[in-house]
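Fold and geometry: a report
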Amino acid sequence: MATLAAWVPLRPTRRAGAWGTLARLARHPSAMLGALVLAAVAAGAVFAPALAPADPVASDLQSRLAAPSWLAGASGGHWLGTDGLGRDLWSRIIFGSRVSLLVGLAATLLSLLPGLALGLAAGFYRGRVDGALSRFAELLMAFPHLIFAIGVMAALGPGFWNLVMALAFKGWVEFFRVARGDAMAQSAREYVDAARAVGASSARIVGRHILPNMLHTSLVLGTLRMGHFIVLEASLSFLGLGLPPRLPAWGTMVAEGREVMLTAWWVSTFPGLAIVALVLAVNLVGEGLRDVLDPRLRAE
Amino acid sequence: MRALVVLRRVLNTIPIMVGVAVVVFVVMRMLPGDPVDIVLGQTGAISQQDLDRLRRDFHLDRPVTEQLYRFLAGAARGDLGTSFARRRPVFAMLVEALPATVELAVAATAVALVVAVPVGVLSAVYQRSWLDRLAMGGAFLGISMPAFWLGIVAIIVFAVRLGWFPTSGRIGFEVFLQPVTGFVLLDSVLTRNWAALWDGLRHLALPAAVLGAGLMAVVARVMRSSMIEVLREQFVTTARSKGLAGRVVVLRHALRNALIPTVTVVGLQLGVLLGGNMIVETVFGWPGMGRLVVDAIFSRDYPVVQGAVMLYAATFVLANLLVDLCYIYLDPRMAL
């Protein structure tokens, strides 16, 4: 009962539900900063064709490696300069946000949903299926994520869904482990016995009682993992193992800039800054959500 | 009782390593392109006879199950096959590349700990001060920053603009160093070659700092939070009430206990360090295992990739085993 007491709201006036969560999140300054940046990047991704001043893939060899327009002695009027093929960097960064956001979101969802479902089943029913799944999860844990993803990408070849699969194929394990532990802990609680005593079916106990108690943790973990997936996607793109190279992805752009870093520092620097800003924003929102929803996860 | 648990945990790593080998084998067989074509691609015109002989040499004409069996049996003996591209034993290639990787990883860990432990302690002691806020802000930035970009920016600023460090490599071409162990720093000390030591350190500084940055951020955060927790413990209060100086209490009593979770985190972050080294070695042209794997993937040199990934996974499994054993040692309840 001591653990149950910890879950009783400290202030009776605190609003419950999604609106209460949002209201509390709104009073969390760093989470709000993260949310603002995230909203700006998302808006950039959605309205990219309207916002970008130039075609992100059109090369213009006349204005190769033009410096950012605010630098002394710059010419060409490109705000963040151009790359080795004369493509406008700012436009490419705006379009590149689509890759990072979509891959990050898809990899998170495709890790979270199977991880949560399998973890719930394994933790609630236990038995042989749990044993087999746990062994498999342990096996995947033996590979550092980037090394595993590099191997899978080399096997599958470039492409959006291949990239998502390479990340999710190992990504579900974290969600599985947390959900399994949670489901095991929850099903040992008295309220589950009580529900069973009044005749509730297993499906009802899982769906109505256990799952809602685990959603917070999954949401927090999902947000924090999304930042991780975005960095992994950028790292794979940097190694040339992401999307086909003609599409503007931030990691690819940093790699392209590496070849001209001795003369044109801006080509690598700005796409990289975009990655840092997005990952920072996602992590800020994730940590804010954790503070509000699930302070237990704070212990690292 | 405890010995039994330890034994079981140790034996548990064997099926995991076999599973790792199978997974690596299966993924590598999924790779597109016939390796024989790739090997011969560089040599030009070749007869069907040579092709068949090459296939036989690499056992590519045998059923996949037999190939798997050969691979597992060989791996158990330390025989990881022969590189398609360079026709050399993979094991020898890995052993050759290992010192560079270990040197970089050790240096990165050292850089991370030397900075992160004091910063974490100070942040905990002066909680909510400007120093704490600055340090934790920096650490948060550190965990959000991809290593490949940090590496490139470091090269642009410190190597190209300021010229303090070389842009890539492990030691300058003009520096002669008699190889003894394969570790540049160790060899230059052993042969009393101070010019080589200085050059090696200059080459090591940037990649070590970049690879260590992520670990630094994580360790500083963990160090801070575990220190805050320990400072609330009763034995700290007791030490203070005995009239001990604040510095003694923090360094003698609290730090030791707060270091335990930090050690665990360092062990568990080893995987991140190993994954990161592929990126950092590629960015800095560091001739270690990470670059060997990345190059091997692009030249479809299966045996090298297989061997290296197995070595990575083995290191990772071993590190996790050590962390678990530390846990059992530090907290006997874990053995239950």
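Only a predicted model underlies this, so the values are computations on that prediction, with no experimental measurement involved.

Moving on: the packing of helix H1 (residues 2-30) of chain B against helix H4 (residues 64-76) of chain B. Think of two packed helices as two axes; the pair is described by the angle between the axes and how far apart they sit. Residue and element names in this part refer to chain B. At a closest axis distance of 11 Å, the pairing of H1 and H4 adopts a crossing angle of 135 degrees. With respect to each other, H1 and H4 are oriented oblique. As for the relative orientation of H1 and H4, their crossing is right-handed in sense. In this structure, H1 contributes Val18, Ala21, Phe25 and Arg29 to the contact, and H4 contributes Val64, Leu68, Phe71, Leu72 and Ala75.

Let us now look at the interface of chain A and chain B. Every contact between the two is made by 34 residues of chain A and, on the other side, 37 residues of chain B. Of all elements in the fold, only helix H6 (127-141), helix H7 (145-156), helix H10 (202-238), helix H11 (250-258) and helix H12 (266-293) of chain A reach the threshold of two or more residues within the side of chain A that touches chain B. When grouped by side-chain class, the residues that make up the side of chain A that touches chain B number 22 nonpolar, nine polar and three charged.

A few words now on the confidence of the model for chain A. Caution applies to low-pLDDT regions: their predicted coordinates should not be interpreted in detail. All names here are of chain A. Model confidence for chain A is summarised by a mean pLDDT of 85, while 93% of its residues fall at 70 or above. For chain A, the element scoring lowest by mean pLDDT is helix H1 (residues 2-5), at 48; helix H5 (residues 89-125) scores highest, at 93. Residue range residues 1-14 is modelled with pLDDT below 50. Its contacts to residues more than four positions away, or to other chains, number two contacts.

Take the nonpolar core next. Counting residues in each nonpolar core, the largest one holds 165 residues, and the members touching the most others are Ala149 and Ile150 of chain A together with Val219 and Ala308 of chain B. At 18 residues, the largest contribution of residues to this core is made by helix H9 (residues 194-231) of chain B. If near-sequence neighbours (up to four positions away) are discounted, Ala308 of chain B is found in contact with Leu94, Met289, Leu292, Val293 and Ala296 of chain B.

Residue and element names in this part refer to chain B. Along the chain, the position of Leu201 falls in helix H9. Of the residues examined, Leu201 has 15 C-beta atoms within 10 Å and is grouped as partly exposed. For the pair formed by Leu201 and Val114, sequence separation is 87 residues and the distance between their alpha carbons is 17 Å.

All names here are of chain B. Checked against the element boundaries, Asp132 lands in helix H6 (residues 130-143). The class for Asp132 is partly exposed, based on 18 C-beta atoms found within 10 Å. In this structure the C-alpha to C-alpha distance between Asp132 and Arg224, which are 92 residues apart in sequence, comes to 9.2 Å. Excluding residues within four positions of it along the chain, Asp132 makes contact with Ser123, Tyr126 and Gln127.

With that settled, the discussion passes to H6 of chain B. Residues and elements named next belong to chain B. Over its 14 residues, H6 runs 20 Å from end to end, which matches the ideal 20 Å to within 8%, given 1.5 Å per residue. Residues Ala135, Ala139, Gly142 and Ile143 constitute the buried set of H6. Buried residues of H6, seen end-on, are gathered within an arc of 90 degrees and therefore sit on one face of the element. Facing away from the buried side of H6, by more than 90 degrees, are the exposed residues Trp130, Arg133, Leu134 and Gly137. On its buried face, H6 sits against helix H5 (90-125) and H9.

Here is what the cut-offs are and how they apply
Residues numbered from 1 in each chain as written. Chains lettered and ligands numbered in written order. Predicted model: local features only at pLDDT ≥ 70, side-chain atom pairs only at ≥ 80, totals over all residues. Axes fitted to C-alpha atoms, helices over the stretch in contact; angles between N-to-C directions. Helix = DSSP H or I, 4+ residues; strand = E, 2+ residues; numbered from the N terminus. Parallel < 35°, antiparallel > 145°, perpendicular 65-115°, else oblique. Left-handed = near helix turned anticlockwise from the far one by under 90°. Contact = placed C-beta atoms within 7 Å. Nonpolar A, V, L, I, M, F, W, Y, C, P; charged D, E, K, R; others polar. pLDDT = per-residue confidence, 0-100. Core = buried A, V, L, I, M, F, W, Y, C linked by C-beta atoms within 7 Å. Buried ≥ 20, exposed ≤ 12 C-beta atoms within 10 Å, placed from the backbone. Expected span 1.5 Å × (residues − 1). Arc of directions from axis to C-beta.

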